[in-house]
Amino acid sequence: MAAVQLLPLPPAAPPQPRRGKPGCWNTPPAPPKVCHYWKSGRCSRNPCRFLHTDAPDPAPPIAAVNTRSNTWVNPSCVAANSDGKGRAPPVQPAKRQVEAPPETPAKRRCGGGAWCVGDGFCGVVRLKGHAKAVTGFALPEGSDKLFSGSLDGTVRAWDCSTGQCVRVEEMQEGEVRKLIAMGPWVLAGVRGRCQAIHTGTRQELPLRGPASQITAMLAEDGGPPLRRRRRTGAVFMWRMNQEQQSFDEVAALTGHYKAVVSLAQGKGALYSGSTDGSIRVWDLDTHRCIYSFAGHSSAVTALLCWERFLLSSSDDGTVKVWQWKPDHDDLDLEVHYTHKEDERVVSMDGTYDADEKPVLLVSRGDGVVRVYDLPSLKKRGDIICDDEVRTISVRSRGVVFTGDASGEVRVVKWTSLSDAAESYLAMA
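The rules we used
- Residues numbered from 1 in each chain as written.
- Predicted model: local features only at pLDDT ≥ 70, side-chain atom pairs only at ≥ 80, totals over all residues.
- Heavy atoms only, no water.
- Helix = DSSP H or I, 4+ residues; strand = E, 2+ residues; numbered from the N terminus.
- Buried < 20%, exposed > 50% of the residue type's maximum accessible area, 1.4 Å probe, protein only.
- Contact = heavy atoms within 4.5 Å.
- Areas by Shrake-Rupley, 256 points an atom, 1.4 Å probe, with all protein chains shown as cover.
- Pairing = 2+ DSSP bridges.
- Axes fitted to C-alpha atoms, helices over the stretch in contact; angles between N-to-C directions.
- Salt bridge = Lys/Arg side-chain N within 4 Å of Asp/Glu carboxyl O.
- Polar contact = N/O pair within 3.5 Å; in protein donor to acceptor, adjacent residues only side chain to side chain.
- pLDDT = per-residue confidence, 0-100.
- Phe/Tyr/Trp six-rings, centres within 6.5 Å; stacked < 30°, edge-to-face > 60°.

An unreviewed UniProt entry annotates the protein as C3H1-type domain-containing protein originating from Oryza glaberrima.

Written out as structure tokens, the structure is:
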């Protein structure tokens, strides 16, 4: 690198601040003029207000520093390669070069504009057709259709290969509060009962009960019976009778003082969350409540069993991770960690991504479904919807379905981070 000689800058009087507006500077006064009569030898004024000498070389201008710019001028020195008049060229400040991480192909492949942003997942399609909020999804066994239920009183069947709506079933009872699948059956929770429809034979079976609204449902294939949650605070359990092709009521679990709005199963027990913030633990063999505790200050919107933990979300804007106390034979739970959102939590579910890593999806009241890694709860990205997402389905491997309050269904696909890195290296 060639040496650069620095020359001293001629002294200049510092500018004076203007009164009334601190930080503003007066325009430097113009240099005095030379008497042209004196230059022609004919000036007779004494004293003369003009100079009777040659004008001095003008002082170099002080470069103004723009605080919004990345360039600056050092007024204490002038580079040797200047224009010879004292004007120094702008000098770019030395900045530490921080190499930005390359954008993964997973982000670039994200469909639907910017509504799905994050690592390891991308938006596939937006399905429109429902006039009101989507309340549930069903992916029946042996079917290539996705079924969605809505408060508009319809159940829609979507072709999984084309994304087209191929059938619309109108429910006579009106609003579809919940929709799930159990084997080849689609079960719709409506007022006063649960309607079961066989996707192969189109056979319909009603599961009648008290004339109250079903708030949600849970089904486990090949295991415990179907559970229905009602606004009465009771949990009804039904079992599929394969011989008679009917559903038989097994038990009614009572104990909650307000409506039950969330269910989960794990560790040999059933967990139920209520609108009063309480959580109860039920023994599946005896159908008795073996433990109850105050989980949140508001409604428990979702429950999730993951490994040795129980996760609960609430309208109070928190997601709590509960852990079974060590050296306790009974199901005694204590708070292991509390995660806070700046919005109410509408729903929650968990699954595994394309790399078999556990992830948590948290639906917020502002229409954003936030994706977190487990167990660190580090944010991975967002699924941005037009309205709050009332239901999330992760039952189809590698795919996430969301249904929001506007009636729109969105499909998100998991992508492998390792494959994305290899694709980026190949393109580079």
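That was the structure; now back to the text.
Brief notes about the overall build of the protein
Broken down by element type, the protein carries 3 helices and 31 strands. Burial analysis of the protein (428 residues in total) assigns 44% to the buried set. When contacts within the protein are restricted to residue pairs at least 6 apart in sequence, those whose partners lie at least 24 apart make up 39%. With an accessible surface of roughly 24,000 Å², the protein has 50% of that area assigned to carbon and sulfur atoms.

A look at the sheet that holds strand 28 (residues 379–384)
The strand order across the open sheet built from 5 strands is 3-28-27-26-25, with neighbouring strands paired in antiparallel fashion. Each end of this open sheet is capped by a strand with a single partner; those strands are strand 3 (116–118) and strand 25 (345–352). When the angles between neighbouring strand axes are averaged without regard to direction, this sheet yields 15°. With 3 bridges joining them, strand 3 and strand 28 adopt antiparallel strand pairing. Among the inter-strand pairings, glycine 118 is bridged to a residue of strand 28, identified as glycine 381.

Thoughts on the pattern of salt bridges
In total, this model carries 21 salt bridges according to the counting rule given. Residues arginine 126 and aspartate 386 are paired through a salt bridge, measuring 3.3 Å at the closest nitrogen-oxygen approach. With arginine 126 in strand 4 (residues 121–127) and aspartate 386 in the loop between strand 28 and strand 29 (389–393), the pair connects residues that are 260 residues apart, well separated along the chain. Judged by its relative accessible area of 53%, aspartate 386 falls in the exposed class. Residue aspartate 342 is joined to arginine 364 by a salt bridge in which the shortest nitrogen-to-oxygen separation is 2.7 Å. In this pair, aspartate 342 is assigned in the loop between strand 24 (333–340) and strand 25 and arginine 364 in strand 26 (residues 358–364), connecting sequence segments 22 residues apart. A relative accessible area of 4% means that arginine 364 is categorised as buried. Linked by salt bridges that have partners in common, Arg126, Lys128, Asp386, Glu408 and Arg410 make up one network.

Brief notes about the side chain of glutamate 388
Structurally, the position occupied by glutamate 388 is in the loop between strand 28 and strand 29. The exposure class assigned to glutamate 388 is buried, which follows from its relative accessible area of 13%.

A look at the environment of histidine 198
In this fold, histidine 198 is placed in strand 11 (residues 193–198). With 11 residues separating them in the primary sequence, histidine 198 and leucine 187 have C-alpha atoms 8.8 Å apart. Not counting the four nearest positions on each side in its chain, histidine 198 is found in contact with Pro184, Trp185 and Gln203. Only 3.0 Å separates the side chain of histidine 198 from the backbone nitrogen of glycine 200, close enough to count as a polar contact. From its side chain, histidine 198 meets the backbone nitrogen of threonine 201 in a polar contact 3.1 Å long.

With respect to unusual backbone geometry
A cis amide bond, omega 5°, links leucine 374 with the succeeding residue proline 375. Mapping proline 375 onto the fold places it in the loop between strand 27 (368–373) and strand 28. Unusually for a residue other than glycine, arginine 202 sits at a positive phi of about 65°. Inspection of the secondary structure puts arginine 202 in the loop between strand 11 and strand 12 (204–208). Residue arginine 202 is classed as partly exposed on the basis of its relative accessible area of 41%. Notably, leucine 377 is not glycine yet its phi reads approximately 55°, a positive angle. Relative to the helices and strands, leucine 377 resides in the loop between strand 27 and strand 28.

A short note on the confidence of the model for the protein
Low-pLDDT stretches of the model should not have their predicted coordinates read in fine detail. Model confidence for the protein is summarised by a mean pLDDT of 76, while 69% of its residues fall at 70 or above. Here residues 12–28 is modelled with pLDDT under 50, and outside its nearest four sequence neighbours on either side it reaches 9 contacts, counting other chains as well. Note that residues 59–109 has pLDDT below 50 and, in this model, 54 contacts with residues that lie over four places away or in other chains.

Focus: the environment of leucine 310
Following the sequence through the fold, leucine 310 ends up in strand 22 (residues 309–314). Judged by relative accessible area, which is 0%, leucine 310 ranks as buried. Placed 10 residues apart in sequence, leucine 310 and lysine 320 show a C-alpha to C-alpha distance of 8.2 Å. Setting aside residues no more than four positions away along its own chain, leucine 310 makes contact with Tyr271, Leu304, Cys305, Lys320, Val321, Trp322, Trp324 and Leu333.

Some details on the packing of aromatic side chains
Taken as a whole, this structure holds 6 aromatic pairs when the rule is applied. Arranged with centres 5.9 Å apart and planes meeting at 20°, the rings of tryptophan 306 and phenylalanine 309 form a pair that is stacked. For the pair tryptophan 306 and phenylalanine 309, one class covers both residues: buried. Members of the aromatic cluster, connected to one another through ring pairs, are Tyr291, Phe293 and Trp322.

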